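Now for the letters of each chain:
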Amino acid sequence: MYNVVVFASGNGSTLQSIIDAIQEKKLEANIPLVVSNNPNAFALERAKKANIPIYVIKEKDAKKMDFELCEVLSKYEIDLIVLAGYLKLIGKQLLDKYTIINTHPSLLPKYGGKGMYGMNVHKAVINAKEEYSGVTLHYVTSEYDRGPTIMQTRVKVLPNDTAEDLASRVQHAEKIQLVELLKSFSKHGILK
Ligand code: GAR
């Protein structure tokens, strides 16, 4: 059993897949806290419904935010942080202190970087007429979507796919892949 803090900025369907896996006893982990930079994120409603404490970031300045988060997180026992649709860069203090992983809805290094999140990614993949998209789980560094890859899954782009169609298949694969990785962490420990 380990403690995983989840950061989410939006809908939180990825967070939900972790909550569900824990509740269905498929994953031996505990979420002591959900963090968001967005007070209106639906992810926060999902956390509340599952009786998980939430924290909304107050600072806007990146350095102050890093300091704020370090202070808040120091009150918890944390083995891992998962960025599940979280749109801010992670600061140096957090990076030095915690193992942090991100899930990204493309085959990085393609379609990553600033501004490449959510539907923007899927629209870009469709516009470029790629044969495959997919999911990348990677360790987080000080740059957007640049850290070492842990695992990738390919998802075929079908001829008549809209960005929404593709998003839905990629997100389905993403949830499976993320929960599998989190399960392997319970078995083998968390690697930096
Ligand atoms: C997920 O597909 C996640 O990979 C992506 O945003 C979606 C969040 O959905 N993250 C990024 O694009 C980060 N660069 P959710 O809010 O329903 O979990």
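Everything below is about the structure shown above.
Residues numbered from 1 in each chain as written. Predicted model: local features only at pLDDT ≥ 70, side-chain atom pairs only at ≥ 80, totals over all residues. Heavy atoms only, no water.

Student: How should the overall build of the protein be read in this particular structure?
Tutor: When you go through the protein residue by residue, the secondary structure sums to six helices and eight strands. Helices and strands appear in the protein in the N-to-C order β-α-β-β-α-β-α-β-α-β-α-β-β-α. Its C-alpha atoms give the protein a radius of gyration of 16 Å, near enough to 16 Å, the size a compact globule of 192 residues would have. Considered along the principal axes of its C-alpha atoms, the protein spans approximately 50 × 40 × 30 Å. For the protein, the residues scored as buried account for 49% of the 192 residues in total. Across the protein, the fraction of contacts at a sequence separation of at least 24, relative to all contacts at a separation of at least 6, is 66%. Here the protein displays about 10,100 Å² of accessible surface, and carbon together with sulfur accounts for 52% of that area. Distance between charge centroids for the protein: 1 Å, based on 25 positive and 21 negative side chains. (Helix = DSSP H or I, 4+ residues; strand = E, 2+ residues; numbered from the N terminus. Rg over C-alpha atoms; globule rule 2.2 N^0.38 Å. Buried < 20%, exposed > 50% of the residue type's maximum accessible area, 1.4 Å probe, protein only. Contact = heavy atoms within 4.5 Å. Areas by Shrake-Rupley, 256 points an atom, 1.4 Å probe, with all protein chains shown as cover. Lys, Arg positive; Asp, Glu negative; His and termini not counted. Charge placed at Lys NZ, Arg CZ, Asp CG, Glu CD.)

Student: What exactly am I supposed to notice about the packing of aromatic side chains here?
Tutor: When we look at a pair of aromatic rings, we describe it by the centre distance and by the angle of the planes. Evaluation of the coordinates by the stated rule reveals one aromatic pair. Considering the side-chain rings of phenylalanine 7 and tyrosine 86, the 5.0 Å spacing of their centres and the 80 degrees angle between planes classify their relative orientation as edge-to-face. Here the residue phenylalanine 7 occupies a position in strand S1 (residues 2–7), and tyrosine 86 occupies one in the loop between strand S5 (80–83) and helix H4 (92–97), the gap between them amounting to 79 residues. On the basis of relative accessible area, phenylalanine 7 is assigned to the buried category, the value being 0%. Over the face of the ring belonging to tyrosine 132 we find arginine 154, whose NZ or CZ atom lies 3.8 Å from the ring centre. (Phe/Tyr/Trp six-rings, centres within 6.5 Å; stacked < 30°, edge-to-face > 60°. Lys NZ or Arg CZ within 6 Å of the ring centre and 35° of its normal.)

Student: For this particular structure, what's the right way to read the site of the ligand?
Tutor: Within the structure, the ligand sits among 15 residues, and Gly12, Ser13, Thr14, His104 and Glu174 are positioned closest to it. Between glycine 118 and the ligand, the recorded distance is 3.0 Å, taken from a backbone N or O atom to an oxygen atom. Contact with the protein chains hides 92% of the accessible area of the ligand, taken as 450 Å² for the molecule alone. Of all elements in the fold, only helix H1 (13–23), strand S6 (100–104) and helix H6 (163–188) reach the threshold of two or more residues within the shell around the ligand. For the shell around the ligand, the class distribution of residues is three nonpolar, ten polar and two charged. (Near = heavy atom within 4 Å. Polar contact = N/O pair within 3.5 Å; in protein donor to acceptor, adjacent residues only side chain to side chain. Nonpolar A, V, L, I, M, F, W, Y, C, P; charged D, E, K, R; others polar.)

Student: What is the right way to look at the nonpolar core in this model?
Tutor: Across soluble globular proteins, nonpolar side chains show a tendency to be buried alongside one another. Core analysis: the biggest nonpolar cluster contains 29 residues, and Ile18, Ile31, Val82, Ile101 and Leu182 have the highest contact counts within it. Elements that contribute at least two residues to this core include exactly S1, H1, helix H2 (42–49), S5, strand S7 (132–139) and H6. When sequence neighbours within four positions are dropped, the list of residues in contact with isoleucine 18 reads Val6, Leu27, Ile31, Val82, Leu178 and Leu182. Of all hydrophobic cores here, the second largest spans 21 residues; its members include Val35, Tyr55, Ile57 and Val140. (Core = buried A, V, L, I, M, F, W, Y, C linked by side-chain atoms within 4.5 Å.)

Student: Help me understand the pattern of salt bridges in this model?
Tutor: Between side chains of opposite charge, pairing is possible as soon as their charged atoms come close. Across all of its chains, the model carries seven salt bridges by this definition. The salt bridge involving lysine 48 is made with glutamate 45; its shortest N-O contact spans 3.4 Å. Placement of the pair is lysine 48 and glutamate 45 together in helix H2, with a separation of three residues, close to one helical turn. With a closest N to O distance of 3.1 Å, glutamate 130 and lysine 110 form a salt bridge. With a gap of 20 residues between them, glutamate 130 in the loop between helix H5 (119–127) and S7 and lysine 110 in the loop between S6 and H5 connect regions that are remote in the sequence. (Salt bridge = Lys/Arg side-chain N within 4 Å of Asp/Glu carboxyl O.)

Note that all results are geometric; they support no functional claim without further evidence.
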